[in-house]
Amino acid sequence: MVTNPFTSLPDPELIEACLNGKNQAWEVLLTRYQRLVYSIPLRYGLTEHDANDVFQNVSLLLLENLHSLRNRQRLGAWLAITTRRECWRMNRHQRQLTLAQETASVNEQAIQKGPSEENLLDLERQSIIQAALRLLGSPCQQLLTLLFYTEPRPAYTEVARKLSIPEGSIGPNRARCLEKMLKILEEMGFSEM
Amino acid sequence: MAHPSFDTLLGFVEETLSPEARREVENHLSLSCNDCERLIARIQKLLHSVQGDESAAPQAEVLEKALGLYRRHLKESKPAGIQIIANLLFDSRLDMSASMVRGSAQTRRVLYSAQQIDIDLQITPAKGLHNLIGQVLDSTRPDKFIPAFVSIKNNETGMLVDGKGTDDLGQFGFQNIQSGRYDLVLEFDTQEVEIRSLELIKEI
């Protein structure tokens, strides 16, 4: 299995690697924050199509501004603000294009409402945690995905059946996997997460 | 001092421990164990995040397209847009007569201008921090509000602190800003206006 050597590097080192021409570092960086950048426009009420455009724009802005990011440890916050700005620009652009005043007014309301600061922090954490989840490997990745990221949430009996493990081992395994995840987050530079 | 295991602390957070086991953890924490307190806080944040996750990922082809951007050259700088530095027209902190008229008023009012754009700022102290609200106006038509996206950056560190779009009345606001020097960047459709080195200081 070919592994990406940059997967668990902290943001400042990833940025440095990107600037040194490492394509794989860019892949890790973008994948790490993909959920944050993509979820913000959806929270603002933009369509999936517009959210895709915002995602591309923010990715490009990140690439263009990598060399000038002053506080590389706060990349998540920079991305949240930049994405918010792109949502605002997208809304402005649409308002200029549309002739349907009613639609524009609805969009404007959505854009002003948007996610709160707390929501943005949650999204940032969720994005990074899902990146850490991908680094867990099996069987932890499967177990936590079933327990936390599957709708509707399956019962322990169902989880045990799917993973072919005794039901009684789910609790201890769950704890071990969460502990492992916190260690990965620490390696990634998110020791307070 | 033997620390409770991760399993035990997880059980403590999720309230699944027996009363005796819970008491043991509480006794341990009462000895001011910073390591365990920190770990408990991390477990709480982790559970909060995984249990309430409503984030969405872009489709694979959207991510793929963005990954492909790297193949282009890393640009050294953004394409230069039109950038204008705003001029200070009025600062109630510097205007003694205005301060005296206002008496003990805590709100500081600052007015900047850049070409046809006026930026009216009000800075209010809030428990050692500062709340900043502002309005962007067309100086030729006081009833016209100009939409902008406003970013606030720390002037000393260059760090982007926050950013918001103006509302229907051209207003924006940032809360709980720490004392320091800040740059405000107002982005319009075709130009940027920058207010440089706005000082937010604690009033004595």
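Rules and cut-offs
Residues numbered from 1 in each chain as written. Chains lettered and ligands numbered in written order. Predicted model: local features only at pLDDT ≥ 70, side-chain atom pairs only at ≥ 80, totals over all residues. Helix = DSSP H or I, 4+ residues; strand = E, 2+ residues; numbered from the N terminus. Buried ≥ 20, exposed ≤ 12 C-beta atoms within 10 Å, placed from the backbone. Contact = placed C-beta atoms within 7 Å. Pairing = 2+ DSSP bridges. Axes fitted to C-alpha atoms, helices over the stretch in contact; angles between N-to-C directions. Parallel < 35°, antiparallel > 145°, perpendicular 65-115°, else oblique. Left-handed = near helix turned anticlockwise from the far one by under 90°. Nonpolar A, V, L, I, M, F, W, Y, C, P; charged D, E, K, R; others polar. Core = buried A, V, L, I, M, F, W, Y, C linked by C-beta atoms within 7 Å.

Caption draft 1: Region of interest: the overall build of chain A. The helix and strand inventory of chain A stands at 9 helices and 0 strands. When the elements of chain A are put in sequence order from the N terminus, they spell out α-α-α-α-α-α-α-α-α. Counting only residues that meet the buried cut, chain A has 38% of its 193 residues in that class. For chain A, long-range pairs separated by at least 24 residues make up 62% of all intrachain contacts whose partners lie at least 6 apart in sequence.

Caption draft 2: Molecular detail of the overall build of chain B. Scanning chain B from N- to C-terminus turns up 5 helices and 11 strands. Every one of the 204 residues in chain B was classed for burial, and the buried ones make up 25%. In chain B, the proportion of contacts linking residues at least 24 apart, taken out of those at least 6 apart, comes to 50%.

Caption draft 3: Spatial organisation of the pairing of strand β11 (residues 191-200) of chain B. Residue and element names in this part refer to chain B. In the sheet, strand β1 (residues 82-85) pairs with β11 via 4 bridges, with the strands oriented parallel. Counted as the bridge partner of I85 is E194 from β11. With 7 bridges joining them, strand β10 (residues 180-187) and β11 adopt antiparallel strand pairing. By the bridge assignment for β11, L186 is matched with V193. Once β10 ends, the chain turns through 3 residues before running back antiparallel as β11.

Caption draft 4: Local environment of the packing of helix α2 (residues 23-43) of chain A against helix α4 (residues 60-68) of chain B. Taken N-terminus to C-terminus, the directions of α2(A) and α4(B) make an angle of 140°; their axes are 10 Å apart at the nearest point. When the interaxial angle is binned, α2(A) and α4(B) end up oblique. The crossing of α2(A) and α4(B) is right-handed. Contacts from W26(A), E27(A), L30(A) and Q34(A) of α2(A) reach α4(B) at L63(B), A66(B) and L67(B). Classifying every residue of the contact of α2(A) with α4(B) by side-chain character gives 5 nonpolar, 1 polar and 1 charged.

Caption draft 5: Main features of the nonpolar core. Within the largest apolar cluster, 58 residues are counted, with the highest numbers of intra-cluster contacts made by L29(A), V37(A) and L79(A). Top element by residues in this core is α2(A). It accounts for 10 residues. When sequence neighbours within four positions are dropped, the list of residues in contact with L79(A) reads Y33(A), L36(A), V37(A), V58(A) and L62(A). I128(A), I129(A), L9(B) and F12(B) belong to the second largest nonpolar core, which has 18 residues in total.

Caption draft 6: Summary view of the packing of helix α3 (residues 48-65) of chain A against α4(B). Contact geometry of α3(A) with α4(B) gives a least axis separation of 9 Å together with a crossing angle of 20°. Relative to α4(B), the element α3(A) lies roughly parallel. Crossing hand, α3(A) versus α4(B): right-handed. Note on element contacts: α4(B) touches α3(A) through V62(B), K65(B) and A66(B), opposite N52(A), F55(A), Q56(A) and S59(A). Partitioning the contact of α3(A) with α4(B) into residue classes produces 3 nonpolar, 3 polar and 1 charged.

Caption draft 7: Representation of the interface of chain B and chain A. Taken together, the contact pairs 38 residues of chain B with 46 residues of chain A. The set of elements that each furnish at least two residues to the side of chain B that touches chain A consists of α1 (6-14), α3 (34-51), α4, β7 (149-154) and β8 (160-165) of chain B. Top element by residues in the side of chain B that touches chain A is α3(B). It accounts for 6 residues. Taken together, the residues that form the side of chain B that touches chain A break down as 18 nonpolar, 9 polar and 11 charged.

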